[in-house]
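These are the residues of each chain, in order.
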Amino acid sequence: MNTISSLTLVLTDKCNFSCPYCPQRRGENILQIEEITAFLDFLKLRLAKEVWLGFYGGEPLLCWPLIEKTVAHADRNFKKKFRFSLTTNGSLLKKEHILFFKKHRFELVLSYDGPAQASRDTSSINAVEEALENLQHLYPEGYTVNSVFTPATVSLLSASIENLVALGHRHLQYSLDLSVPWQDPDLKVLEKELHRLANRCLELQNKTGKIPLENFEDAGQKGIFACFAGHDRLALLPDRTVWGCYLFYDLLGQHPEHPDFKKYCFGKLPAFIGAGNKNRALVANYSDLRQDYFFTVKEELCGLCDQLKSCRVCPAIAALATAQLGVIPDWTCRIKKINAKCKPLFAGVH
Ligand code: SF4
Ligand code: SF4
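Residues numbered from 1 in each chain as written. Chains lettered and ligands numbered in written order. Predicted model: local features only at pLDDT ≥ 70, side-chain atom pairs only at ≥ 80, totals over all residues.

Draft legend 1. Expanded view of the overall build of the chain. When you go through the chain residue by residue, the secondary structure sums to 13 helices and 11 strands. Dimensions along the principal axes, computed over C-alpha positions, put the chain at roughly 55 × 50 × 35 Å. Looking at the chain residue by residue over its 350 residues, the buried ones come to 36%. (Helix = DSSP H or I, 4+ residues; strand = E, 2+ residues; numbered from the N terminus. Buried ≥ 20, exposed ≤ 12 C-beta atoms within 10 Å, placed from the backbone.)

Draft legend 2. Broad picture of helix 2 (residues 64-77). The terminal C-alpha atoms of helix 2 lie 20 Å apart, and with 14 residues this matches the ideal 20 Å at 1.5 Å per residue to within 8%. Taken as a whole, helix 2 has its buried residues at Ile67, Thr70 and Ala74. What you see down the axis of helix 2 is that its buried residues fit within an arc of 70°, all on one side. Residues of helix 2 that are exposed and point over 90 degrees away from its buried face: Pro65, Ala72 and Arg76. Looking at the packing, one finds that the buried side of helix 2 touches strand 1 (4-10), helix 1 (33-43), strand 2 (47-56) and strand 3 (82-88). Just beyond helix 2, the residue with positive phi is lysine 79, at close to 40°. (Expected span 1.5 Å × (residues − 1). Arc of directions from axis to C-beta. Contact = placed C-beta atoms within 7 Å.)

Draft legend 3. A look at the pairing of strand 5 (residues 143-149). Burial along strand 5 is one-sided: Tyr143, Val145, Ser147 and Phe149 are buried, and none of Thr144, Asn146 and Val148, which face the opposite way, are. In this structure, strand 4 (residues 107-111) lies alongside strand 5, joined through four bridges in parallel fashion. Its bridge partner being in strand 5, leucine 108 is matched across the sheet by tyrosine 143. Bridging between strand 5 and strand 6 (residues 172-176) involves five bridges; their strand directions are parallel. Its bridge partner lying in strand 6, serine 147 is registered against tyrosine 174. This β-α-β element, strand 5 to helix 6 (residues 157-166) to strand 6, shows right-handed connectivity. (Pairing = 2+ DSSP bridges. Right-handed = clockwise from strand over helix to strand, strands pointing away.)

Draft legend 4. Examining the site of ligand 1 more closely. Taken together, the neighbourhood of ligand 1 is formed by Cys227, Phe228, Ala229, Cys245, Leu247, Cys314 and Ala316. Class assignment of the residues belonging to the shell around ligand 1 gives a composition of seven nonpolar, no polar and no charged. (Near = placed C-beta within 6 Å. Nonpolar A, V, L, I, M, F, W, Y, C, P; charged D, E, K, R; others polar.)

Draft legend 5. Region of interest: the site of ligand 2. The local shell around ligand 2 holds 14 residues, among which Cys302, Cys305, Gln307, Cys311 and Cys333 are the closest. It is helix 13 (residues 330-342) that provides the largest number of residues to the shell around ligand 2, a total of three residues. In terms of residue class, the shell around ligand 2 is built from eight nonpolar, three polar and three charged.

Draft legend 6. Region of interest: the sheet that holds strand 5. Sheet architecture is open: nine strands sit in the order 6-5-4-3-2-1-7-8-9, paired in mixed fashion. Two strands close off the open sheet at either side, each with one partner strand: strand 6 and strand 9 (265-268). Averaged over all pairs of adjacent strands, the angle between strand axes in this sheet comes to 20°, irrespective of strand direction. Pairing of strand 1 with strand 7 (residues 233-236) involves four bridges; the strand directions are parallel. (Axes fitted to C-alpha atoms, helices over the stretch in contact; angles between N-to-C directions.)

Draft legend 7. Broad picture of the nonpolar core. Ranked by size, the top nonpolar core spans 76 residues in total, and within it Ala235, Leu236, Trp243, Tyr246 and Phe248 carry the most contacts. No other element matches the six residues that helix 8 (residues 246-252) contributes to this core. For leucine 236, the contacting residues outside a window of four places in its chain are Leu9, Val10, Leu31, Phe39, Val242 and Leu269. (Core = buried A, V, L, I, M, F, W, Y, C linked by C-beta atoms within 7 Å.)

Draft legend 8. How the structure looks around unusual backbone geometry. In the segment running from glycine 57 into glycine 58, the intervening peptide bond is cis, with an omega of 25°. With respect to the secondary-structure elements, glycine 58 resides in the loop between strand 2 and helix 2. At arginine 240, a position not held by glycine, the phi torsion is positive, near 75°. Within the secondary structure, arginine 240 sits in the loop between strand 7 and strand 8 (241-243).

Draft legend 9. Main features of the environment of lysine 336. Positionally, lysine 336 belongs in helix 13. Since 20 C-beta atoms lie within 10 Å of it, lysine 336 is described here as buried. For the pair lysine 336 and arginine 312, spaced 24 residues apart in sequence, the C-alpha separation works out to 8.2 Å. Those residues in contact with lysine 336, other than ones at most four positions away along the chain, are Gln307, Cys311 and Val313.

Draft legend 10. Region of the structure containing the environment of tyrosine 112. Looking at the element boundaries, tyrosine 112 is found in the loop between strand 4 and helix 4 (118-121). Sequence-wise, tyrosine 112 and threonine 144 are 32 residues apart; in three dimensions their C-alpha atoms are separated by 9.9 Å. Dropping the residues within four chain positions of it, tyrosine 112 is found in contact with Gly90, Gln117, Val128, Leu132, Val145 and Ser147.

Draft legend 11. Region of the structure containing helix 3 (residues 95-103). Inspection of helix 3 places His97, Ile98 and Phe101 among the buried residues, and these make up the whole buried set. Burial along helix 3 is one-sided: seen end-on, the buried residues are contained in an arc of 100°. Exposed and facing more than 90 degrees away from the buried side of helix 3 are Glu96 and Lys103. Buried residues along helix 3 sit in contact with strand 3, strand 4 and helix 5 (125-138).

Draft legend 12. Representation of the packing of helix 7 (residues 184-208) against helix 13 within the structure. Their axes nearest at 11 Å, the elements helix 7 and helix 13 cross at an angle of 25°. In terms of orientation, helix 7 and helix 13 fall into the roughly parallel class. Note that helix 7 runs across helix 13; the crossing there is right-handed. Residues Leu187, Leu190, Glu191, Leu194, His195 and Ala198 of helix 7 touch helix 13, and the partners they reach there are Arg334, Ile335, Ile338 and Cys342. In terms of residue class, the contact of helix 7 with helix 13 is built from seven nonpolar, one polar and two charged. (Parallel < 35°, antiparallel > 145°, perpendicular 65-115°, else oblique. Left-handed = near helix turned anticlockwise from the far one by under 90°.)

Here's what the structure looks like:
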């Protein structure tokens, strides 16, 4: 079996937000600490020298005691093997949490959509902005702000990033909601926004030095992209199922009757632990998820595309729209081509 370098614990499917672009189904499930420790202990011999252990939800801060107990178990039994990360909407993030995260060197991702935040949860804006201020004072090196844009909010992209830069946040990234259709006018706005963003980044860089936008940084990617779900990573979901990546649960978790469910789900935790090395057969099912094997809905083979080596499409997110793994929506392909066209504009941005 392969070595595991990334584990995700989806602590709960409960959330205090209802973001329009979130693919997760809400529920009332919460993992138990005994399940988390059994999962980690079972995998102990397969873990790489350093492993990212990510806390995810729903909203993981709804399960604060579970985070403390998991970190205590990791400290006691895994001797600094784990680097922790946590993704949060920020609304429940208090100073005491931040100090705990700093002590344990967490990398935090705070999801905040700037001017588009009102379309997520208007009443939470003050709490999230207070959390951002606290992070900036208490743990400035330890967090990234991720902003998500949809066709309805993409016109706010450049202004939003510019505002976050002006506020002094050190690590920024943006994501696009690719699970919904992007029409021609939306794609035109996106391209215009990327031009505007590149110009503003270069202007600001001349004034302030480094620009903290990470989207167009060279990730050191070499060769053709492949999804590593199941190979170097696993996820434990709040309904106690185990998957190669939590996004496969978002895609298939509610459809146990779908033929792909059995192909990609390792089963409930006791079955996963009981299967031991027999899980290897299921890992093999994840092996075909390579960019050069993917098709667009127009039946263009990615393997023949000029952008093949620079293009990275998450097959699970693509399949949220096309309902078929390995098939990419037309708008995703067009967005990847726009990104490739605009990337040189950001060449001078560091
Ligand atoms: S490409 Fe997507 S499904 Fe595969 S590991 Fe990355 S995020 Fe998960
Ligand atoms: S740009 Fe489109 S066709 Fe080319 S590799 Fe990416 S998704 Fe495939």
